[in-house]
Each structure stands twice: as structure tokens, then as C-alpha cells.
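# Notes for the structure review
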Amino acid sequence: MRARQGRAAAAGPSLTASGKLLFHAAAASGLEPAVAAELSWLNIPVLEAARGVVRFEASPEEAARAALALRSAPRLALELAGGLPVSPADLVPALAAIPWEEWLPAETTWAARVVGTTAELRDVRYTALLVKDALRDRMRARGLPFPEVDPEAPQIVVELRVTSKQATVGLDLAGGSLHERGTFRRGEAPLREDVAAGICVLAGVDRTKPILDPFCGTGSVIAEAASLALRRPPRRNPAAMALARLPAFADVDLRRVVLELRAAALPPEAPILAFDRQPRMVGEARAAFRAQKLDDVITLTRGEVADLELPDGLAPGLVVSNPPWGLRLDADEAAAAWRGLGQLARRALGGWRLALLSGAPEVTRNLGFKASRRFPVVVGGIESRLLLYDVHARP
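These notes cover the structure that comes with them. (Residues numbered from 1 in each chain as written. Predicted model: local features only at pLDDT ≥ 70, side-chain atom pairs only at ≥ 80, totals over all residues. Heavy atoms only, no water.)

## Quick notes on the sheet that holds strand β8 (residues 211-213)
Across the sheet, 7 strands lie side by side as β10-β9-β8-β11-β12-β14-β13; this open sheet has mixed pairing. Strand pairing shows two members of the sheet lacking a second neighbour, β10 (298-302) and β13 (373-379), which therefore form its edges. Geometrically, the sheet is characterised by an average inter-axis angle of 20° between neighbouring strands, direction not taken into account. Note that strand β12 (residues 353-358) and strand β14 (residues 382-390) share 6 bridges and pair antiparallel. Following the sheet pairing, S358 is matched in β14 by R385. Together, β11 (318-321), β12, β13 and β14 form the strand contacts of helix α5 (residues 193-203), whose direction differs from that of β14 by roughly 30°. Along the sheet, helix α6 (residues 220-229) contacts β8, β9 (272-276), β10 and β11; its crossing angle with β8, the most-contacted strand, is approximately 165°. (Pairing = 2+ DSSP bridges. Helix = DSSP H or I, 4+ residues; strand = E, 2+ residues; numbered from the N terminus. Axes fitted to C-alpha atoms, helices over the stretch in contact; angles between N-to-C directions. Contact = heavy atoms within 4.5 Å.)

## Quick notes on the nonpolar core
Core analysis: the largest hydrophobic core is formed by 67 residues, its most contacted members being F289, I298, V320, L349 and L354. Per element, the largest residue contribution to this core is 8 residues, and it comes from α5. Sequence-distant contacts of I298, defined by excluding residues within four places in its chain, comprise I222, A223, A226, I272, A274 and F289. Judged by nonpolar contacts, the second largest core, of 64 residues, contains A63, W110, A174 and A248. (Core = buried A, V, L, I, M, F, W, Y, C linked by side-chain atoms within 4.5 Å. Buried < 20%, exposed > 50% of the residue type's maximum accessible area, 1.4 Å probe, protein only.)

## Comments concerning the environment of E32
Topologically, E32 is positioned in helix α1 (residues 32-41). Judged by its relative accessible area of 10%, E32 is buried. When the C-alpha atoms of E32 and E48 are compared, they prove to be 9.8 Å apart, with 16 residues separating the residues in sequence. A distance of 2.6 Å separates a polar side-chain atom of E32 from the backbone nitrogen of G52. (Polar contact = N/O pair within 3.5 Å; in protein donor to acceptor, adjacent residues only side chain to side chain.)

## What about the sheet that holds strand β7 (residues 167-172)?
If you walk across this open sheet you meet the 7 strands as β2-β3-β1-β4-β7-β6-β5, and the pairing is mixed. At either margin of the open sheet sits one strand with a lone partner, and together these are β2 (46-50) and β5 (110-115). Pairs of neighbouring strands in the sheet enclose a mean axial angle of 30°, with direction left out of account. Of the pairings in the sheet, the one linking β2 to strand β3 (residues 53-58) comprises 4 bridges and is antiparallel in character. Along β3, the bridge assignment pairs E48 with R55. Of the strands in this sheet, β1 (21-26), β2 and β3 are in contact with α1, which crosses β3 at around 15°.

## Structural notes on the pattern of salt bridges
Evaluation of the coordinates by the stated rule reveals 22 salt bridges. Across the salt bridge formed by E79 and R55, the nearest N and O atoms sit 3.1 Å from each other. Placement of E79 in strand β4 (residues 76-84) and of R55 in strand β3 is noted, with a sequence separation of 24 residues between them. By sharing partners, the salt bridges in this structure join R75, R113, E159, R161 and D172 into a single network. (Salt bridge = Lys/Arg side-chain N within 4 Å of Asp/Glu carboxyl O.)

## As for unusual backbone geometry
Positive phi is not limited to glycine here, since R231 has a value of about 55°. Here R231 lies in the loop between α6 and α7 (254-263). Even without glycine at this site, K293 takes up a positive phi of about 60°.

## Points about helix α4 (residues 124-141)
A rise of 1.5 Å per residue sets the reference length of α4, with its 18 residues, at 26 Å; its end C-alpha atoms lie 26 Å apart and thus fit the reference within 8%. Of all the residues in α4, the buried ones are T127, A128, L130, V131, A134, L135, R138 and M139. Seen along its axis, α4 keeps its buried residues to an arc of 165°; they face one direction. Opposite the packed face of α4, turned more than 90 degrees from it, sit the exposed residues R125, R140 and A141. Of the surrounding secondary structure, the elements contacted by the buried residues of α4 are α3 (88-96), β5 and β6 (156-162). Two or three places before R125, at the opening of α4, D123 has a side-chain oxygen 2.8 Å from that residue's backbone nitrogen. G143 sits one or two residues past α4 and shows a positive phi near 65°. (Expected span 1.5 Å × (residues − 1). Arc of directions from axis to C-beta.)

Geometric descriptors of this kind do not, in isolation, establish any biological role.
Okay, structure coming up:
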């Protein structure tokens, strides 16, 4: 395995000053701090966070741990080279200078995924063809077999991230998106799990305090909140992930890493409560909790937000939720939902913190509270906000 200092295009993965490899984790815009926080929980140092990406250094085992544990990152990649030129004429030879034969097994299938465009690289499909041409040139020049390209179901994904100034190329550690939790939720436009996890990290979930979602829908937010608070890793199968085929991880006992992550899970110390007014949503949420083995820690009940009755003596905690925005529901119905939450807060949530996602300011104001902090987040291409409110306890 060859690796050199620096970020030259001709080198394999760059070693940092500590002798570790460079990786990056993708993040929904605005959730980069959440990904960085999760990495810090794993004792993995973050090098920098930019729009949509968090770069970090790690050993192969540490990176495997991140790939198997992170909830707020949809993708992780091992960086092979950075500072690549973004002109088509220069990009192909720069990519061909990378020792792909050391990092991409000949017996696997692969495909290129391109993130970003420039004035000269306007079409990601065209840029992906440049990546394929570069790899073919490299293998042909050395008389080596060219790994089969399978754009539909590749075992390994070569990721090229392009900006106006440079490109970075790497190998995806999963092969597919890490947001999937195996729940097969069917709700209308459900919040993607990595986004749900990111807002829960920013909200500050804590297993010692109650957690409540009064608009749980299919359960993505409260499931991520519970899993993060209890340090439960996603139920990923490492044998099905790309890293299991990458030479850089050949010496990592992935099964042991999974067992260690599961063994580090913590028991709940406070109630975790979920509500929704729609019977169909409650049914889907219940199935999702069961699939994630969370049905024993989340108490799920059908109910209208304004009329919710919380357990007697419940200590103040955290409300984290994605209330209706009025995009799919009638705007009046969405406004009523926010008003109902405001009524509940005044009646029963003194001393609690509310962490609410919203993409519709005109609906949000029906809550009747002023946010103490706002985090810009892009959700499904919509400029949104994670809004934090501190509800003052009654004297």
C-alpha cells in the first residue's frame, strides 16, 4: 500500500502528520456541525468543515467505526487525491496518475459518482466518463485488468467532488447512502434519517432528560433522537458495505467493530415519548420502531398535540420535532398544529427546550414563542431552520 506526504495527484491516499489517512463525510447543508460532533464522540479529530463536507483523519479501524456508527452523515469516503485540476484536458491524466490498482480490486464492480459542476464540467455524466477513461488509461498502460463498470449496482463507488477551483477523488466506504435504516417507511415525503439525526445532534439530545416528539409521523426524528441519546449504532451490515472489499481495510475486523459499538449502548434514564394524530402514521412509526429495536424504549401514543397528557411528575426535557409546514397539509391545518404546540408548551412544558424544524416562517409564528437560536438547514432543497426555544418554567 503506497501513500505519500502531501496532496499531489500522483500519490495514493495522503498521510497526515500523525500517519493517518484522510477521509471526508458528506453532510446536508447546515448539518456539518452535527457530523463533526458525532466524530468527536468517536474520538476522531476533525480537520475542517466546509459546505456539505467534513474532513477528518483516521486509521482504517477508526474510519470503519465512523462508517458503522455515524447517523448524520449520508456518505463517507477515503480521499485518494486532492487539488486536482478541473479542466477536462488536465483532469484525465491527473486521475490516471493515481495508483488505482492498489486501491480498487480488479475483481469488483465499480461506478463513478460526481458531486458538483463547473463551467467546463457542466454535466456530471460527462465528468463520470472522464473518470472511467482515466482508470482505463491507467490499467491499459500497465497491462492490468480493468474492473467492470456497473452503474446500476456497483460494489465500489469512486467519488469525484468538484468545485470551481479543484477536485478531490476518493472511494466511498459504504457504496450506497448511509441514511437508510431498513424501515421502508411509506409516509408522504418523510424526513431523511441523516437529516433527522443531524437536527437531533444540534438540539442536544440527552438520555438523562425526557425526549418528546408530538408530531412523530413515521417516527424518523424520535427514532434518531432515541438512538443518539442511547448511543445505539445504526444496524448496518459491514459485509455488504464497500469497505469490506477495499484493501485499505483488509486488516480491520469489522465484526468486532460492530460488536464493540453495540456493547457501548446505554440504557435510557428518562422517558422517550412519541405522539401523532393520524392512526396510519402511528402504525408506520410503530413498525419502524420495531424494525430498529426501539419499541422497548419509545412510548408511542395517538393524540392531538393541544390535548396531550404527559406522565405525572415528568421532569423538563427536550421536544424535538418536524411539525407540519403547510406544504402538504392545508396551511390552516399546519398553523393550527403550531398553535396547539404553543398551547401545550404553556400548559405543560415549563422548563423544556423546543427544537423544531421549519421551512415556513409564516406558519412558525403561530407557536407564539421567540426562538433563542436558529440553525439554517437545507431539507430537500428547501431553505429551512432548526429553531430552538426555551420555555420558561412557571413561578
